[in-house]
Structures are given as structure tokens and as C-alpha cells.
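# Descriptive structure summary
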Amino acid sequence: KAGVTQTPRYLIKTRGQQVTLSCSPISGHRSVSWYQQTPGQGLQFLFEYFSETQRNKGNFPGRFSGRQFSNSRSEMNVSTLELGDSALYLCASSLGGLGETQYFGPGTRLLVL
Amino acid sequence: GQQVMQIPQYQHVQEGEDFTTYCNSSTTLSNIQWYKQRPGGHPVFLIQLVKSGEVKKQKRLTFQFGEAKKNSSLHITATQTTDVGTYFCAGGDYKLSFGAGTTVTVRA
């Protein structure tokens, strides 16, 4: 099976812009989760989608949003970018949810200038 | 809310030595997962522990889940350069909480 894929792999944006990141889970996986990884804060949970519904949410502002499509692919959107949003954004898929093995994608490295 | 604490944050190990990294939760966990992230890579699943007091081994890696299901440990024997990376523990059913990770460097 192909692994989790994320596009784009690298992105440079300026403050105030918005960005959309994409994640394609492993075939058959219905749960997709998003994480922000920074050197200072580690891996922070953003949200989880399952069958097109947001099932769980972390403690991030409303500028961070996501959605999941019927084929389980997911997108994450960050509006009004801030310098502090610079990070590696990882998505992970699993069969049924957060209590199961998470398969991570390679991540999208976002730099906000 | 649930927090998972991991110590130490950094571990510098002489090749061939053993070391242990610890994971502690403020609440009882239904299960705990361990991941390894190589430099420049993404987290890769290592193992999941579910039962109280469970011990699992993967070659030189030994994982343990505490009796109260609030702590876990990863012990690596005879460290090799291939063990370099950051080891994360994670727990939670509805909001997977990751520890800050233990970053391991190896002196040859």
C-alpha cells in the first residue's frame, strides 16, 4: 500500500496570507489527523477528521481549519498567517481513530516571512 | 486536560551503552504508543501497549507500560548509531497527546 502523502512539501508565505495543505491517507483509512511540530512546542494536535466530520479538536485558534472529502483526503487551511505559524505540519491516518496506530506523512514545511 | 510528560529531553549516549526514556501521564491511559522520528524525517510507529504491566520487546528495544497505566518506559540496550533520533510517547483516545520527545545522539 502507498503511504500517506502530503502536498506541497515546502511552502513559503508572508504574514497575512492564507495557505491550504493537502493530505492523502493510506487507502482504506478513514481517520486523518493533523499536527503542528515546532522545535519549542513539539507535536501539537490540531484536529481529527473521520468520515468527513471533525471528530476531535486541539487548542488552536479558529484560523486553523480543515475538512475531509468523501475519499478521505483531507485539507488543512490556515488563514491570516502569523510568523509563529512557521512549522512542520504533519498529517497522520489510521483505520479507526486516535487510539490506533498513526501513520504519518512526510509533512509540509511552512515558512512564514 | 491530559498531559504526557517525557524525560529526559536529550540523551547523549556512548555507542554500546544502554539508556532509558520515561513517559508519564497525568491521567490513566487506555493505551500508549511509541514513535521514532529520525532527523529530517517524520514520526514512525514503533509499538502500542494496552495492558497494565505489559512488556514488549523489539530486538534491542524494550517497552513497558506501568501497572497503573500512567507511565511507560523505553529501554535501549547496546545503543547503535542507527538509534539516533527523537522518541515520542503518545497517549489518549480522543486527543492524542504526544510527549515532547527524547532526542538521542550517539557518540561513536
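Our structure's up above, just so we're on the same page.
Treat the numbers as computed from the prediction; the structure is a model and nothing was measured.

## Overview of the layout of surface pockets
- Counted as a void, the largest pocket has a volume near 1,100 Å³.
- Surrounding the largest pocket, 42 residues form its lining, Gln-41, Gly-42, Leu-43 and Gln-44 of chain A together with Ala-100 of chain B being those nearest its centre.
- Of all the secondary structure elements, the ones that give two or more residues to the lining of the largest pocket are β4 (31–38), β5 (42–50) and β9 (87–94) of chain A together with β1 (4–7), β9 (85–91), β10 (97–98) and β11 (102–107) of chain B.
- By residue number, the principal contributor to the lining of the largest pocket is β5 of chain A, which donates four residues.
- Each residue belonging to the lining of the largest pocket can be placed in one class, and the counts come to 16 nonpolar, 23 polar and three charged.
- Empty space within the second largest pocket amounts to approximately 160 Å³.
- Lining the second largest pocket, in full, are Lys-36, Arg-38, Gly-41, His-42, Val-44, Leu-46, Arg-60, Leu-61, Thr-82, Asp-83 and Tyr-87 of chain B.
- Considering only residue class, the lining of the second largest pocket consists of four nonpolar, three polar and four charged.

## Quick word on the sheet that holds strand β7 (residues 61–65) of chain B
Residue and element names in this part refer to chain B.
- A sheet is described by the order of its strands in space; here five strands give the open sequence β1-β3-β8-β7-β6, paired in antiparallel fashion. In this open sheet, the two strands that pair with only one neighbour each are β1 and β6 (55–58). Here the strands of the sheet are splayed against their neighbours by 15 degrees on average, with no regard to which way each runs.
- Sheet analysis places β1 next to strand β3 (residues 19–25), joined by four bridges and oriented antiparallel. Paired with Ile-7 across the strands is Tyr-22, a residue of β3.

## Remarks on the interface of chain A and chain B
- Facing the 18 residues of chain A at the interface are 15 residues of chain B.
- Regarding the contact of chain A and chain B, the summed buried area is about 1,400 Å², with carbon and sulfur atoms giving 56% of it.
- Contact with chain B buries surface across chain A, with Leu-43, Leu-98 and Phe-104 of chain A losing the most and accounting together for 34% of the total.
- Linking chain A to chain B there are zero salt bridges.
- Linking chain A with chain B are five residue pairs in polar contact (both at pLDDT 80 or more).
- Elements supplying a minimum of two residues to the side of chain A that touches chain B: β4, β5, β6 (53–57) and β9 of chain A.

What counts, and at which threshold
Residues numbered from 1 in each chain as written. Chains lettered and ligands numbered in written order. Predicted model: local features only at pLDDT ≥ 70, side-chain atom pairs only at ≥ 80, totals over all residues. Heavy atoms only, no water. 1 Å grid on protein atoms, 1.4 Å probe; cavity = no way out; pocket = protein on both sides within 12 Å on 5 of 7 lines; lining within 4 Å. Points joined across faces, edges and corners; volume = space filled by probe spheres on them. Helix = DSSP H or I, 4+ residues; strand = E, 2+ residues; numbered from the N terminus. Nonpolar A, V, L, I, M, F, W, Y, C, P; charged D, E, K, R; others polar. Pairing = 2+ DSSP bridges. Axes fitted to C-alpha atoms, helices over the stretch in contact; angles between N-to-C directions. Contact = heavy atoms within 4.5 Å. Buried area = accessible area lost by both parts, 1.4 Å probe. Salt bridge = Lys/Arg side-chain N within 4 Å of Asp/Glu carboxyl O. Polar contact = N/O pair within 3.5 Å; in protein donor to acceptor, adjacent residues only side chain to side chain.

Everything listed here is a matter of coordinates, which is why it stays silent on function.
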